[in-house]
Every structure is written in C-alpha cells, then in structure tokens.
Amino acid sequence: MATTPGKSASKPKAKAGTGTRKASGVSTTKTGSAAKSGAPAAKKTAPSKAAAKAAESPFPPEGKKAPAFSLPADDGSTVKLKDLAGQKVVIYFYPKDNTPGCTTEAIAFSALKKQFDKAGTVVLGVSKDSIQKHCNFRDKHDLTVRLISDEDGTMIDAYGAWQEKSLYGRKFMGIVRSTLLLDEKGVVRRVWPKVKVKGHAEEVLEAAKAL
C-alpha cells in the first residue's frame, strides 16, 4: 500500500535491550581506550616523607648492618665492631675534644655509664683527635666512656658523620654531631642525625633500654 503524501512512514521499533547494549558498549570502549593509552587503573601512592628522607640520609640505614671498623681507643685497646657482638652499642660522633658542646656531651654519657652497662650497652665516643688528645680530654674531665680515634676519618665517613658544614657563611667539611644505636647483632636500630646535646644522653639510654 502506498504511503500517504505528507506523512512519513512509521519508524520500526527498536528492539528491546538495544539502548542498554549501546550504553554498555560505550562504557567498555572508554575503559579499553584508557587501558590502551596507558592510564593507570589506580592512583599510585607517593613515597612517604620518612622514606624519602631515609633514602637521602648519608647515615647507615636503620635495619641494616653497621660498617665494620677496627680503631684504637684511649684505654690502649683496639675496638673492633665484631668483638662487640652480643652487646648493644652506642656510637656518638663529635667534632673535637675539649670544646664546650663535646665536653658537655662526654660528661653526660659518662655520668650514665653504669646505667648503660646495666642495659648491656657499650658507649663509644668517636672523633678525629689523636689518642694523646683523647687521654688528656678523659683525664681532665674524669670521663668513663671509651674514646675512639679515627684520625684519617675512614670510619667517620663510612658512618655518614663527615659532612659539609657552615659557620658564619663559610662552608667546610667536618664531623656532624650524631649518634647511632646498634643492637646485639650490629644492626643499626636508631639514628640521631643532628644532635642537640642537652638531654641527648638520657634519650639514648632510654632507647637502649627499650631495644
């Protein structure tokens, strides 16, 4: 039968489900496009500030073995890290014997030596001063902690304490006042990268007791 002029033929009805399939197809196509373009499915977590800071630190990382060393001490002994196995070890690096901050720090650690002993912890002070200077420093202030001499700075550098410093606008290399706490297996458990002398020895003692 012919179509009546002026009237369009009726459009065939769309099959049920066509719209749903098209919508589904669009969605699938978009997902596929995203996958092809390399867009990540999930947002990656940025590294934490603590992790980033640890990665930049010159000090041995916590949880790793401390570098081995064998150096002379003020009591005439040779201190080797491997010989200290089975004991916790505090190694504190300081710039120079008989300077105000270093003297205060050495006296503070010496005053707590019996408590460190009770906690099964050896305390070692390290600088580039000679054994003779260490002995003078010890005798002048009645120090009881062992003082290690690292005149060529090999150990100090290996432990990350040899860094660029500045004073009155002048830059130079030197020992940064810092402390490390090792467990009985020689693994680094705590690092104090820039030490404030007041209350530091007490804080280290509490950390050693808790280890």
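To continue, consider the overall build of the protein. Check the secondary structure of the protein and you find seven helices and nine strands. The burial tally for the protein puts 36% of its 211 residues in the buried class. Counting contacts in the protein only where the partners sit at least 6 residues apart, residues at least 24 apart contribute 66% of the total. Total accessible area computed for the protein in this model is approximately 13,500 Å², and 55% of it derives from carbon and sulfur atoms.

Let us now look at the packing of aromatic side chains. Under the criterion given, the structure shown has six aromatic pairs. By the ring-pair criterion, three or more aromatic residues cluster together here, those being Y92, Y94, F109, F116 and F137. Between K128 and the ring centre of W162, over which it is positioned, the NZ or CZ distance is 4.4 Å.

The strand order β5-β4-β3-β8-β9 describes an open sheet built from five strands, whose pairing is mixed. A single partner strand is all that each edge strand has here, and the edge strands are β5 (146-149) and β9 (188-192). With direction set aside, neighbouring strand axes in the sheet form an average angle of 20°. As defined by bridge partners, strand β3 (residues 88-93) adjoins strand β4 (residues 121-127) across six bridges and the pair is classed as parallel. Among the inter-strand pairings, V89 is bridged to a residue of β4, identified as V122. Running at roughly 165° to β3, helix α3 (residues 100-111) makes contact with β3, β4 and β8 (178-182) of the sheet. Strands in contact with helix α7 (residues 200-210) are β3, β4, β8 and β9; relative to β9, the strand with the most contacts, it is inclined by about 165°.

Along helix α5 (residues 131-141), the residues that are buried comprise H134, C135 and F137. Buried residues of α5, viewed axially, fall in a sector of 165°; they line one side. Structural note: α5 exposes Q132 and K140 on the side pointing more than 90 degrees away from its buried face. Check the buried side of α5 and you find it contacts α3, β4 and β5.

This part covers the environment of V122. As for its placement among the helices and strands, V122 is situated in strand β4. For V122, a relative accessible area of 12% puts it in the buried group. Counting along the chain gives 60 residues from V122 to L182, while the straight-line C-alpha distance between them is 9.8 Å. Residues in contact with V122, not counting those within four places in the same chain, are L84, Q87, K88, V89, V90 and R146.

Once that is clear, we can look at the side chain of D74. Relative to the helices and strands, D74 is located in the loop between β1 (70-72) and β2 (78-80). In contact with D74, not counting residues within four places along its chain, are I131, H134, C135, R138, V145, R146 and L147.

We now examine the pattern of salt bridges. With the rule as written, the count across this model stands at eight salt bridges. Across the pair D129 and K96 runs a salt bridge whose closest N-O atoms are separated by 4.0 Å. You can see D129 sitting in the loop between β4 and α5 and its partner K96 sitting in the loop between β3 and α3, a full 33 residues away along the chain. Judged by its relative accessible area of 42%, K96 falls in the partly exposed class. Between R177 and E105 there is a salt bridge; the shortest N-O distance is 2.9 Å. With R177 in the loop between β7 (170-175) and β8 and E105 in helix α3, the pair connects residues that are 72 residues apart, well separated along the chain. The buried category is assigned to E105, whose relative accessible area is 2%. What emerges from the salt-bridge pattern is a single network uniting D74, R138 and D139.

Next up on the list: unusual backbone geometry. Phi at N98 is positive, roughly 65°, even though this residue is not glycine. Here D142, not a glycine, exhibits a phi torsion of approximately 55°, which is positive. Mapped onto the fold, D142 is located in the loop between α5 and β5. With a relative accessible area of 64%, D142 lands in the exposed category.

Cut-offs used in this document
- Residues numbered from 1 in each chain as written.
- Predicted model: local features only at pLDDT ≥ 70, side-chain atom pairs only at ≥ 80, totals over all residues.
- Heavy atoms only, no water.
- Helix = DSSP H or I, 4+ residues; strand = E, 2+ residues; numbered from the N terminus.
- Buried < 20%, exposed > 50% of the residue type's maximum accessible area, 1.4 Å probe, protein only.
- Contact = heavy atoms within 4.5 Å.
- Areas by Shrake-Rupley, 256 points an atom, 1.4 Å probe, with all protein chains shown as cover.
- Phe/Tyr/Trp six-rings, centres within 6.5 Å; stacked < 30°, edge-to-face > 60°.
- Lys NZ or Arg CZ within 6 Å of the ring centre and 35° of its normal.
- Pairing = 2+ DSSP bridges.
- Axes fitted to C-alpha atoms, helices over the stretch in contact; angles between N-to-C directions.
- Arc of directions from axis to C-beta.
- Salt bridge = Lys/Arg side-chain N within 4 Å of Asp/Glu carboxyl O.

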